[in-house]
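Remarks on the overall topology
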Amino acid sequence: RGNGGKFSWGPTVTRPVTVIVPAYNEKECIANTLHSLAQSTHPIEIIVVDDGSTDGTKEIAESLGLPNVRVIRQENAGKPAALNNGVRSAGHDIVVMMDGDTVFEPDTVRQLVQPFANPEVGAVAGNAKVGNRDTVIGAWQHIEYVMGFNLDRRMYDLLRCMPTIPGAIGAFRRDAVLQVGGMSEDTLAEDTDITIAMHRAGWRVVYQEHAKAWTEAPGSLKQLWSQRYRWSYGTMQALWKHRKSLTDRGPSG
């Protein structure tokens, strides 16, 4: 809707939201991640879910003494389980999910949650950007993220068929996540799986280009291969799991 010719989703969303940080052996990055969240211009509660780390991630997170940070420890059970633990423990009706090695800008959360002013919106994809561009592989991936993910997501937003909310930066209505059964462990791509599930439940999924997250792209070809294998295979698993959406009547058809 316009206000003086400027688009808005509705009244400004100012209520506090919960940020969930699943972390498994993130001692190198967790302090940077949490310090970046502490600068947030939007009121947030931060829940770090330590997924059985063996490198002292939990102790580092607790030692920072940052306000509104809660650290939950669980036996190692994987990222979907850590996210579900965070969703269950969240004190607010909007949950932001990110990775333990990702850094937000001060305005990221505020930008990310504004579309929830529209009651049809159930989830929002943010703009994941590559922070480590100083190697050839990093530079390639930076170009790929901008050309592929950023442009693709704009197109999917227009067509209302966003296939994936990036694990590095996404926001959801807590009730909607619980309605579709939480983050699933059925596939290797829980982010694609939950996004398709949201569509099938009738929620609108949109893209917020101005909500930026700086993430570490794989630094070696071996890491890159394993990431892309997981993405490709996980996406195929998610599409197969939700294959009935091709014949669904209603929102996801």
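Quick note: structure is the one above.
This text gives an overview of the structure that appears in the document. Worth saying up front: this structure is predicted, and the values here are computed from it rather than measured.

This part covers the overall build of the protein chain. If you tally the helices and strands in the protein chain, you get 8 helices and 10 strands. Here the analysis covers contacts within the protein chain between residues at least 6 apart in sequence; of these, 79% occur between residues at least 24 apart. Counting only carbon and sulfur atoms, one obtains 54% of the accessible surface of the protein chain, whose full area is about 12300 Å².

It is worth spelling out empty space enclosed by the protein at this point. In this approach, a probe sized like a water molecule rolls over the atoms, and the result shows the empty space that is left. Counted according to the given criterion, the structure contains 2 cavities of 30 Å³ or more. Estimates place the volume of the largest cavity at around 90 Å³. Looking at the largest cavity, it is lined by 14 residues, and the ones nearest its centre are Met97, Pro166, Gly167, Phe172 and Met183. Of the residues in the lining of the largest cavity, the class split is 9 nonpolar, 2 polar and 3 charged.

With that settled, the discussion passes to unusual backbone geometry. Positive phi outside glycine occurs at Asn25, with the angle close to 50°. Among the structural elements, Asn25 can be located in the loop between β3 (17-23) and α1 (30-38). Within the chain, Asn68 stands out as a residue other than glycine whose phi angle is a positive 60°. Asn68 gets classed as exposed once you look at its relative accessible area, which sits at 53%.

Okay, the sheet that holds strand β7 (residues 103-104) next. Sheet architecture is open: 8 strands sit in the order β5-β4-β3-β6-β9-β8-β10-β7, paired in mixed fashion. Both outer strands of the open sheet, β5 (69-74) and β7, are each paired with one neighbouring strand and no more. In the sheet, strand β8 (residues 121-130) pairs with strand β9 (residues 169-173) via 3 bridges, with the strands oriented antiparallel. The residue bridging Ala123 from the neighbouring strand is Phe172, located in β9. Contacts between helix α3 (residues 79-89) and the sheet are confined to β3, β4 (44-51), β5 and β6 (94-98), with β4 contributing the most and set at about 145° to the helix. Where helix α7 (residues 190-200) meets the sheet, it contacts β8, β9 and β10 (204-215), and its direction lies at approximately 155° from that of β10.

On to the pattern of salt bridges, then. Summed over all chains, the structure comprises 7 salt bridges. Residue Arg73 pairs with Asp50 through a salt bridge whose shortest N-O separation is 2.4 Å. Here the residue Arg73 occupies a position in strand β5, and Asp50 occupies one in strand β4, the gap between them amounting to 23 residues. The class for Arg73 is partly exposed, based on a relative accessible area of 45%. In this structure, Arg110 engages Asp107 in a salt bridge whose closest nitrogen and oxygen atoms are separated by 2.8 Å. Through salt bridges that share partners, Lys79, Asp99 and Glu190 make up one connected network.

Here we come to the nonpolar core. Ranked by size, the top nonpolar core spans 33 residues in total, and within it Leu37 and Val96 carry the most contacts. Contributing elements (two or more residues each) for this core: β3, α1, β4, β6, α4 (108-113), β8, β9 and β10. Among residues more than four places away in sequence, those in contact with Leu37 are Val19, Val21, Ile44, Ile46, Met98 and Phe104. The next biggest cluster of nonpolar side chains, apart from the first, holds 21 residues, and it includes Met97, Ile165, Val177 and Tyr207.

Attention now moves to α3. Of all 11 residues in α3, 8 are buried; the element is thus mostly enclosed. Check the buried side of α3 and you find it contacts β3, β4, β5, β6, α6 (174-179) and α7.

Tracing the chain through its elements places Gln74 in strand β5. Judged by its relative accessible area of 11%, Gln74 falls in the buried class.

Cut-offs used in this document
Residues numbered from 1 in each chain as written. Predicted model: local features only at pLDDT ≥ 70, side-chain atom pairs only at ≥ 80, totals over all residues. Heavy atoms only, no water. Helix = DSSP H or I, 4+ residues; strand = E, 2+ residues; numbered from the N terminus. Contact = heavy atoms within 4.5 Å. Areas by Shrake-Rupley, 256 points an atom, 1.4 Å probe, with all protein chains shown as cover. 1 Å grid on protein atoms, 1.4 Å probe; cavity = no way out; pocket = protein on both sides within 12 Å on 5 of 7 lines; lining within 4 Å. Points joined across faces, edges and corners; volume = space filled by probe spheres on them. Nonpolar A, V, L, I, M, F, W, Y, C, P; charged D, E, K, R; others polar. Buried < 20%, exposed > 50% of the residue type's maximum accessible area, 1.4 Å probe, protein only. Pairing = 2+ DSSP bridges. Axes fitted to C-alpha atoms, helices over the stretch in contact; angles between N-to-C directions. Salt bridge = Lys/Arg side-chain N within 4 Å of Asp/Glu carboxyl O. Core = buried A, V, L, I, M, F, W, Y, C linked by side-chain atoms within 4.5 Å.

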